[in-house]
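Reading the structure
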Amino acid sequence: MIFSFYACPRPAIYRSGFKCSKCNKSFTSKDIFLDLTVTSGTKEYSELKPARTELFRSPLVSFLYERGWRQNFNRSGFPGLDEEFQMAQDYFQPVAGGMLLDVSCGSGLFTRKFAKSGSYSAVIALDFSENMLRQCYEFIQQDDTLVNTNLALVRADISRLPFASCSIDAIHAGAAIHCWPSPSNAVAEISRVLKPGGVFVATTFLSSPRNNPFSVEALRPLRQIVGPVNTSYNYFTEGELEDLCKSCGLVNYSSKVQRSFIMFSGQKP
Ligand SMILES: C[S@@+](CC[C@H](N)C(=O)[O-])C[C@H]1O[C@@H](n2cnc3c(N)ncnc32)[C@H](O)[C@@H]1O
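Below: a short report on this structure. (Residues numbered from 1 in each chain as written. Predicted model: local features only at pLDDT ≥ 70, side-chain atom pairs only at ≥ 80, totals over all residues. Heavy atoms only, no water.)

**Details of the layout of surface pockets**
Inclusion rule: Points on a 1 Å grid over protein atoms alone make up a cavity when a 1.4 Å probe fits among them but cannot get out, and a pocket when they form an open set with protein on both sides within 12 Å along at least five of seven lines; lining residues each have an atom within 4 Å of a point. Grid points are joined across faces, edges and corners, and a volume is the space filled by probe spheres set on the points. For helices the rule is a DSSP run of H or I covering at least 4 residues; for strands it is a run of E covering at least 2, with both sets numbered from the N terminus onward. Under the grouping applied here, Gly and all other residues not named as nonpolar or charged are polar, the nonpolar ones being Ala, Val, Leu, Ile, Met, Phe, Trp, Tyr, Cys and Pro and the charged ones Asp, Glu, Lys and Arg.
Computed from the structure, the largest pocket encloses a volume of approximately 420 Å³. Together, 32 residues line the largest pocket, and F56, S104, D127, A176 and C179 are the ones closest to its centre. For the lining of the largest pocket, the elements supplying multiple residues, two or more each, are α1 (51-54), α2 (59-69) and α4 (109-117). Class assignment of the residues belonging to the lining of the largest pocket gives a composition of 19 nonpolar, 7 polar and 6 charged.

Structure (structure tokens):
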């Protein structure tokens, strides 16, 4: 199922649900977000994602995220929300005026900034965590300056984006790739849904094999013997991130690094 999604003003997300005309699958609306996961609407069936995804579904972690958790990232070199937002805006300049998708938006700290900037025709906040989306909705509700913005909240798995190919101008993924179950599936999906000329911008923590004997990179030979360890975050070297973008068809790779922080960008040709 690939959903042809056009962002709509927030009142439209109060619909009770809808059916895909192509595959007949029904999707539910949880009042505040559209649930476009494959398991949307299931009553008995449930499945667990890796711990690095499940962690953020917890109500407590979702509540704490914007109330101290995220600020801790600055200790690893993250410049902080305002500067990260400005850096991302610079990368997105070629697609100003288009539709922006903030994947793994968490509580929507960047979504709100993108929506307020007036730089985009529509902004879609997407996350797998229902509780993060609830936090996101609450923060939006508390902010009067967002009342007339074209903003939609969607629940989806990054490995299966519910958007038509070549339909999105800008995709932002703040501090998220290390949490994704399969970064390669995710970046391939991102590349698929971007329009030609569309821009992908992401931040994450770099792994540093030279400094850290227990880094993912240093343990890679062991992983082949003992198998994948799904409980920890997936950190990458800059070379790996560039390689991943290229292998998913993105061009014009560029990056900015500050200690363990990296912001990188690629463009759909
Ligand atoms: C560390 S938070 C980042 C939040 C925000 N973008 C930021 O810059 O602070 C990581 C987010 O990735 C989301 N996430 C994890 N696995 C995901 C998946 N499979 N699909 C979509 N989002 C996922 C989590 O729910 C969480 O909100």
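**Some words on the site of the ligand**
Selection rule: Only heavy atoms are used to decide nearness, and a residue is near a molecule or strand if one of them lies within 4 Å of it. Counted as a polar contact is a pair of N or O atoms within 3.5 Å, where, for protein atoms, one must be capable of donating a hydrogen and the other of accepting one, and residues adjacent in sequence contribute only when both atoms are in side chains. Note on areas: these come from Shrake-Rupley sampling with a 1.4 Å probe, and a residue is covered only by the protein chains present in the view. In this description, a molecule resides in a pocket or cavity if more than half of its atoms sit within 2 Å of the grid points defining it.
T53, Y65, R70, S104 and D127 are the nearest of the 21 residues found near the ligand. Separating a nitrogen atom of the ligand from a backbone N or O atom of I158 is a distance of 3.0 Å. Between the ligand and G174 there is a distance of 2.8 Å, counted from a nitrogen atom to a backbone nitrogen or oxygen. Coverage of the ligand by the protein chains reaches 100% of its 600 Å² of free accessible surface. Taking a 2 Å distance to the grid points as the criterion, the majority of the atoms of the ligand fall inside the largest pocket. When the residues that make up the shell around the ligand are grouped by side-chain class, the tally is 13 nonpolar, 5 polar and 3 charged.

**Overview of the nonpolar core**
Filter applied, for reference: We call a set of buried Ala, Val, Leu, Ile, Met, Phe, Trp, Tyr and Cys residues a nonpolar core when their side-chain atoms join them within 4.5 Å. Accessibility here uses a 1.4 Å probe with only protein chains present; expressed as a share of the type maximum, an area under 20% marks a residue as buried, one over 50% as exposed, and anything in between as partly exposed. Only heavy atoms enter the contact rule, under which two residues are in contact if any of them lie within 4.5 Å.
Among the nonpolar cores identified, the biggest contains 39 residues, and V103, I171, W180, F200 and F264 are the most heavily contacted of them. Elements supplying a minimum of two residues to this core: β4 (99-103), β5 (122-127), β7 (168-173), α6 (183-193), β8 (194-205), α8 (238-247) and β10 (261-267). Per-element accounting of this core gives the leading share, 4 residues, to α6. Residue contacts for F264: discarding those within four places in its chain leaves I177, F200, V201, A202, T204, L241, C245, Y253, S254 and S255. The next biggest cluster of nonpolar side chains, apart from the first, holds 38 residues, and it includes Y65, V95, Y120 and L153.

**Focus: α2**
Counting along an α-helix, one turn takes 3.6 residues, and residues three or four places apart therefore face a common direction. Condition: The directions considered for the arc run from the helix axis to the C-beta atoms.
For α2, the complete set of buried residues consists of V61, S62, Y65 and E66. Projected down its long axis, α2 shows its buried positions confined to an angular sector of 120°, all on one face. Exposed residues on α2 whose side chains face more than 90 degrees from its buried face are P59 and L60. At its buried positions, α2 is contacted by α4 and α5 (130-141). Between the side-chain oxygen of the N-cap and the backbone nitrogen of L60 there are 3.2 Å, and the N-cap of α2 in question is S58.

**A few points about unusual backbone geometry**
Glycine aside, residues mostly have negative phi, and peptide bonds are mostly found in the trans state. Although it is not a glycine, A175 adopts a positive phi angle of roughly 45°. Overall, A175 belongs to the buried group, its relative accessible area being 8%. Backbone geometry at R259 places phi at a positive 50°, although glycine is not the residue there. Assignment of secondary structure puts R259 in the loop between β9 (251-258) and β10. On the basis of relative accessibility, which here comes to 57%, the residue R259 falls in the exposed class.

**Considerations on the packing of aromatic side chains**
Just so we agree on the cut-off: Each Phe, Tyr or Trp ring (for Trp, its six-membered ring) is paired with any other whose centre lies within 6.5 Å, and the angle between the two planes then decides the class: stacked below 30 degrees, edge-to-face above 60, tilted in between. Put simply, a charge is over a ring when the Lys NZ or the Arg CZ is close to the ring centre, within 6 Å, and near the line of the ring normal, within 35 degrees.
Following the criterion strictly, the structure yields 15 aromatic pairs and no others. An angle of 85° between the planes, with centres 5.9 Å apart, marks the rings of F114 and Y120 as edge-to-face. Overall, the relative accessible area of 1% leaves F114 in the buried class. On the basis of relative accessible area, Y120 is assigned to the buried category, the value being 11%. Stacked on the ring of F128, the Lys or Arg R155 has its end atom at 4.4 Å from the ring centre. The ring of Y91 has K256 sitting right over it, with the charged end atom 4.5 Å from the ring centre.

Function cannot be read off these values alone, since they describe shape.
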